[in-house]
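# Topology and contacts: notes
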Amino acid sequence: MKIYISADMEGISGINGRAFVGEGLTEYQRGRALMTADLNAVIEGFFEAGTQKVCVNDSHGSMRNLILEDLDPRAVLISGSLKKGTMMAEMDASFDAVALIGYHAKAGGPGLMAHTMSSKHIACMKLNGLEVGELGLSAAMAGHFGKPVILVSGDDALERETEALLPDCSYVRVKRCLSARTAECAHPAQTAGWLRAGAQEALQKLQKSKVFKLDTPVHAEVSLLIPAMADAAESLPGTQRLSGTTLGFTCKDALEANAYLHAIISLANIE
């Protein structure tokens, strides 16, 4: 049994604002420790349930947040920002299932630090007409290889998003969102038990888990925050201007759609 984990940071236990998730900010080192602790609980749960291999992909910001020396040594870590596949780098058909740990809700709705890929650029993203966030995009990339997402963790806003998109998926709520920058947080010692049990339960339900797979080709739309960003990103071959701020494009699959979305963000990063 081989499990792939994509680890974001906003949905980690005890993290309640930007100071925890940005390099050089006041609470960032605490955020790194909290993130590593959550991942260790999940890794432990998967191994206790019979997993033979766990691969963790650090998927937040610089993608160098997890503290390797403190991470469960049974897991391998993918760390660094220049990687094909970004939040799902090195995912392939050799894995049996996927966990999305520390994720957050999509842009435009409630949720602690809710955004989609880049809070500085993206207002909304749709894949085949369905509005999704990073949860949906990562699940679609897992689905490209025919693999289910069996476990997700984060706040209560992401829980509702997960229930709608992945109704068979196990979910661990580690905090309750009170505003975009405020959360009611359980103690990490308590959430560690929840995460460990959630991983065990998710693996036990694996055979009943359904795959989230997009029809191909994938028709995508991305709405940027201001028209000037769309002006800049419209130069990407294959894009179509749908409105002042929205670009559309068609890709052969979810992997290519992810690459296009990241290219659009890079082009939209205007002065």
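## Considering the packing of helix H1 (residues 28-48) against helix H4 (residues 188-204)
Where H1 contacts H4, the two axes come as close as 7 Å, and the packing angle between them is 35°. The chirality of how H1 crosses H4 is right-handed. When H1 is examined against H4, the residues Leu34, Asp38, Ala41, Val42, Glu44, Gly45, Phe46 and Glu48 are found in contact with a partner set consisting of Pro188, Thr191, Ala192, Leu195, Arg196, Ala199, Gln200 and Leu203.

## So, the pairing of strand E12 (residues 246-251)
In summary, the side chains of a regular strand alternate between the two faces of the sheet. Counted residue by residue, E12 has five buried out of six residues, so it is predominantly covered. Note: strand E10 (residues 218-224) against E12, six bridges, orientation antiparallel. By the bridge assignment, His219 is partnered in E12 with Thr250. Relative to E12, strand E11 (residues 240-241) runs antiparallel, the two sharing two bridges. By the bridge assignment for E12, Arg241 is matched with Leu247. In this antiparallel pair of consecutive strands, E11 and E12, the connection spans four residues.

## Remarks on the sheet that holds strand E6 (residues 130-131)
Sheet strands line up and pair through hydrogen bonds in the backbone, either parallel or antiparallel. A sheet is described by the order of its strands in space; here five strands give the open sequence E6-E5-E10-E12-E11, paired in antiparallel fashion. Two strands lie at the open edges of the sheet, namely E6 and E11, each paired on one side alone. Bridge count for strand E5 (residues 122-127) against E6 is two bridges, and the pairing is antiparallel. Each residue of the ladder has a partner; that of Lys126, found in E6, is Glu131. Seen against the sheet, helix H6 (residues 254-267) touches E5, E10 and E12 and runs at an angle of roughly 150° to E12.

## Some details on the environment of Ile3
The residue Ile3 is located in strand E1 (residues 2-7) in this model. When the C-alpha positions of Ile3 and Ala99 are compared, they lie 7.5 Å apart, and in sequence the two are 96 residues distant. Not counting residues within four places of it along the chain, the set of residues in contact with Ile3 comprises Phe46, Thr51, Lys53, Val54, Cys55, Phe95, Ala97 and Leu203.

## Digging into the side chain of Thr239
Looking at the element boundaries, Thr239 is found in the loop between helix H5 (227-233) and E11. The exposure class of Thr239 is buried, given its relative accessible area of 16%. Among the polar contacts made by the side chain of Thr239, one reaches the main-chain carbonyl oxygen of Glu234 at a distance of 3.0 Å. A polar contact is formed between the side chain of Thr239 and the backbone oxygen of Leu236, at a distance of 2.8 Å. Residue contacts for Thr239: discarding those within four places in its chain leaves Ala233, Glu234, Gly248, Phe249 and Ile264.

## With respect to the environment of Ala180
Within the element layout of this structure, Ala180 appears in the loop between strand E8 (170-179) and strand E9 (182-185). Taking relative accessible area as the criterion, Ala180 reaches 40% and is therefore assigned partly exposed. Leaving out residues up to four positions away in the same chain, Ala180 has contacts with Gly111, Leu112 and Met113.

## Considerations on the nonpolar core
In terms of nonpolar packing, the biggest core is built from 48 residues, with Val149 and Leu224 touching the most fellow members. With six residues, helix H2 (residues 134-144) is the largest single contributor of residues to this core. Once residues within four sequence positions are removed from consideration, Leu224 is found in contact with His121, Ile122, Ala123, Met229, Ala230, Ala233, Thr245, Leu247, Ile264 and Ala268. Leu151, Val174, Cys177 and Ala202 belong to the second largest nonpolar core, which has 38 residues in total.

## Overview of unusual backbone geometry
With an omega dihedral of -5°, the bond running from Thr216 to Pro217 counts as a cis peptide bond. Of note, Pro217 is situated in the loop between H4 and E10. The backbone phi angle of Met113 is positive, close to 50°, even though this residue is not glycine. Inspection of the secondary structure assignment puts Met113 in the loop between strand E4 (97-101) and E5. Owing to a relative accessible area of 8%, Met113 belongs among the buried residues under this scheme. If you check the backbone angles, Met117 has positive phi at about 65° while not being a glycine. Mapped onto the elements, Met117 comes out in the loop between E4 and E5.

Basis of the calculations
Residues numbered from 1 in each chain as written. Predicted model: local features only at pLDDT ≥ 70, side-chain atom pairs only at ≥ 80, totals over all residues. Heavy atoms only, no water. Axes fitted to C-alpha atoms, helices over the stretch in contact; angles between N-to-C directions. Helix = DSSP H or I, 4+ residues; strand = E, 2+ residues; numbered from the N terminus. Left-handed = near helix turned anticlockwise from the far one by under 90°. Contact = heavy atoms within 4.5 Å. Buried < 20%, exposed > 50% of the residue type's maximum accessible area, 1.4 Å probe, protein only. Pairing = 2+ DSSP bridges. Polar contact = N/O pair within 3.5 Å; in protein donor to acceptor, adjacent residues only side chain to side chain. Core = buried A, V, L, I, M, F, W, Y, C linked by side-chain atoms within 4.5 Å.

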